[in-house]
Protein chains: 2
Amino acid sequence: MSQSGKPRRGGDRAEGHVFDGVDRRILDILQREVDRPVTSIAEEVGLSPTPCWRRIKRLEETGVIRARVALVDQRLANVPMTVFISVKVPSHAKTWLDDFRALIEAIPEITEAYRLTGDVDYILKVVVPDIAAYDLVYKAMIERMDFSQISSSISMEELKFTTALPVDHL
Amino acid sequence: MSQSGKPRRGGDRAEGHVFDGVDRRILDILQREVDRPVTSIAEEVGLSPTPCWRRIKRLEETGVIRARVALVDQRLANVPMTVFISVKVPSHAKTWLDDFRALIEAIPEITEAYRLTGDVDYILKVVVPDIAAYDLVYKAMIERMDFSQISSSISMEELKFTTALPVDHL
DNA sequence: CATGAAAGAATCTCTAT
DNA sequence: ATAGAGATTCTTTCATG
């Protein structure tokens, strides 16, 4: 994968900007260690510091780089448990969805939420210290809203977690 | 949630270190903008720069802060599509799991993978440019390994995505 | 128009009080 | 906690090909 077979045309995006292999390599580095000095990155991609710095700055200004964040260890932050909640909606009224959005935003333990195709309507990723804390989240949800169905799956093991998007498609 | 009702005892972790409310506030900031100057963070949490800097450094050394990374926009990086793959395993042999781990590691489009309780054994998060690219990932998987069952759900909408863990449990 | 060199500003890192 | 020195990095400007 990550090799579609199509010839690379330079990777023009919707916004009209063109990225090349050097941009990809810069992003690949920044997605793993954003505190690397520009000179070090420049060296690795075979550029002098100034043009490299300009590329990074442009990647920020165009929004390709959305944010620079610290990733925190789940266990050391006392939220070692990850639970996935599958939700079916009881109503397709707009008010229900609005309430659901507000609920999701209000609960920091819910770190991800997606609306899906298929028989499950939404999937939520929840991080908590333990089952008891998860139960509090669960209760808070069903107290505030109606659900047609909710089912939980506990993550027994995280095999992979990366925030680095594949860059080969750029 | 995120308020368990128990009195805060300072939040001693497994490693024996004690975090307080200031550490929580620092982490909360760093999880959103890691490039904030130390002096600015110090000001916000009501500390002078030096002790604030020392706290941040300790958070790094103890591994609470795992990494500092750039978050890239999915759409602008040409991987706007998110797909969740549910997998059931055909065999509980160790070799199968080893192969599965290697497969997951080898495919950069698979950004997350978890082993779950319940009827689904694993769930994978995959980011790709489009259906065609997804199909390549899918084919690469079933060509390399056997699965008892695979089912895909396409994300129609990302309601929430944050890498910031809740800090109230620390 | 992109590159490379270099100067000034800001920040980081650590020491001393 | 504060002050501050020295090193590093960032950001901009300018000359060059």
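Residues numbered from 1 in each chain as written. Chains lettered and ligands numbered in written order. Predicted model: local features only at pLDDT ≥ 70, side-chain atom pairs only at ≥ 80, totals over all residues. Heavy atoms only, no water.

**Observations concerning the confidence of the model for chain A**
Overall, the prediction assigns chain A a mean pLDDT of 90, with 91% of residues at 70 or greater. A low-confidence stretch, residues 1-14 of chain A stays under pLDDT 50, and its non-local contacts, those more than four residues away or across chains, total 30 contacts. (pLDDT = per-residue confidence, 0-100. Contact = heavy atoms within 4.5 Å.)

**Notes on the UniProt feature "domain: HTH asnC-type" (unreviewed entry) in chain A**
The sites that carry the UniProt feature "domain: HTH asnC-type" (unreviewed entry) are, in the present numbering, residues 19-80 of chain A. Secondary structure across residues 19-80 of chain A comprises 50% helix and 13% strand; the distance between its end C-alpha atoms is 38 Å. (UniProt positions renumbered as here; feature names shortened; annotations may be inferred. Helix = DSSP H or I, 4+ residues; strand = E, 2+ residues; numbered from the N terminus.)

**Some words on the domain arrangement of chain A**
Per the domain assignment, the segments making up chain A are domain 1 (11-61) and domain 2 (81-154). On a C-alpha basis, the centres of domain 1 of chain A and domain 2 of chain A stand 37 Å from each other. (Domains from an automatic or database assignment.)

**Quick look at unusual backbone geometry**
A positive phi angle, near 65 degrees, is found at Asn-78 of chain A, a position not held by glycine. Tracing the backbone shows Asn-78 of chain A in the loop between β1 (65-72) and β2 (81-88).

**Some thoughts on the interface of chain A and chain B**
The interface is formed by 72 residues belonging to chain A together with 71 residues belonging to chain B. Summed over both sides, the interface of chain A with chain B buries roughly 7200 Å², with 60% coming from carbon and sulfur. Linking chain A with chain B are six salt bridges, by the criterion used here. Where Glu-157 of chain A meets Arg-115 of chain B, a salt bridge forms, and the shortest distance between an N and an O atom there is 3.0 Å. At the junction of chain A with chain B, the criterion picks out 41 residue pairs in polar contact (both at pLDDT 80 or more). Sort the elements by how many residues they give to the side of chain A that touches chain B and strand β5 (residues 149-161) of chain A lands first, with nine residues. A per-class count over the side of chain A that touches chain B returns 39 nonpolar, 15 polar and 18 charged. Here β5 of chain A pairs with strand β3 (residues 110-116) of chain B via five bridges, running antiparallel. Paired with Phe-161 of chain A across the two strands is Glu-112 of chain B, which belongs to β3 of chain B. (Buried area = accessible area lost by both parts, 1.4 Å probe. Salt bridge = Lys/Arg side-chain N within 4 Å of Asp/Glu carboxyl O. Polar contact = N/O pair within 3.5 Å; in protein donor to acceptor, adjacent residues only side chain to side chain. Nonpolar A, V, L, I, M, F, W, Y, C, P; charged D, E, K, R; others polar. Pairing = 2+ DSSP bridges.)

**Section: the nonpolar core**
Considering soluble globular proteins, one finds that nonpolar side chains tend to be buried as a cluster. With 48 residues, the main nonpolar core has Ile-26, Leu-27 and Leu-30 of chain A together with Ile-26, Leu-27 and Leu-30 of chain B as its most contacted residues. For this core, the elements supplying multiple residues, two or more each, are α1 (21-30), α2 (38-45), α3 (49-61) and β1 of chain A together with α1 (21-30), α2 (38-45), α3 (49-61) and β1 (65-72) of chain B. Other than its neighbours up to four places away in sequence, Leu-27 of chain B contacts Val-72 of chain A together with Leu-59, Val-64, Ile-65, Val-167 and Leu-170 of chain B. (Core = buried A, V, L, I, M, F, W, Y, C linked by side-chain atoms within 4.5 Å. Buried < 20%, exposed > 50% of the residue type's maximum accessible area, 1.4 Å probe, protein only.)

**Some details on the environment of Asp-23 of chain A**
All names here are of chain A. Relative to the assigned elements, Asp-23 resides in helix α1. For the pair Asp-23 and Leu-59, spaced 36 residues apart in the sequence, the C-alpha separation amounts to 8.3 Å. What Asp-23 contacts, discounting residues up to four positions off in sequence, is Val-18, Arg-55, Arg-58 and Leu-59. Side chain to side chain, Asp-23 and Arg-55 meet in a polar contact 3.3 Å long.

**Observations concerning the layout of surface pockets**
Rolled over the atoms, a probe as big as a water molecule pinpoints where empty space is left. In this model, the largest pocket occupies a volume close to 640 Å³. Going through the elements one at a time, β2 and β5 of chain A together with β2 (81-88) and β5 (149-161) of chain B are the ones with two or more residues in the lining of the largest pocket. Per-class residue counts for the lining of the largest pocket are twelve nonpolar, twelve polar and four charged. (1 Å grid on protein atoms, 1.4 Å probe; cavity = no way out; pocket = protein on both sides within 12 Å on 5 of 7 lines; lining within 4 Å. Points joined across faces, edges and corners; volume = space filled by probe spheres on them.)

**Some details on the pairing of strand β4 (residues 122-128) of chain A**
Residues and elements named next belong to chain A. With seven of seven residues buried, β4 is to be regarded as a mostly interior element. Burial along β4 is two-sided: the residues Tyr-122, Leu-124, Val-126 and Val-128 and Ile-123, Lys-125 and Val-127 are all buried. Pairing of strand β3 (residues 110-116) with β4 involves five bridges; the strand directions are antiparallel. Its bridge partner lying in β4, Arg-115 is registered against Tyr-122. Taking the residues that link successive antiparallel strands as the turn, the β3-β4 hairpin has five residues, and the phi of Gly-118 there is positive, at about 100 degrees.

**Notes on the protein's contact with DNA strand C**
Around DNA strand C lies a shell formed by Ser-48, Thr-50, Pro-51 and Arg-54 of chain A together with Pro-37, Val-38, Thr-50, Trp-53, Arg-54 and Lys-57 of chain B. A breakdown of the atoms of DNA strand C within 4 Å of the protein gives sugar and phosphate a share of 54%. At 3.1 Å from a phosphate oxygen of DNA strand C is found a main-chain nitrogen or oxygen belonging to Val-38 of chain B. In this structure, a phosphate oxygen belonging to DNA strand C sits 2.7 Å away from a side-chain N or O atom of Lys-57 of chain B. Among the secondary structure elements, those contributing two or more residues to the surface near DNA strand C are α3 of chain A together with α3 of chain B. Top contributing element to the surface near DNA strand C by residue count: α3 of chain B, with four residues. (Near = heavy atom within 4 Å.)

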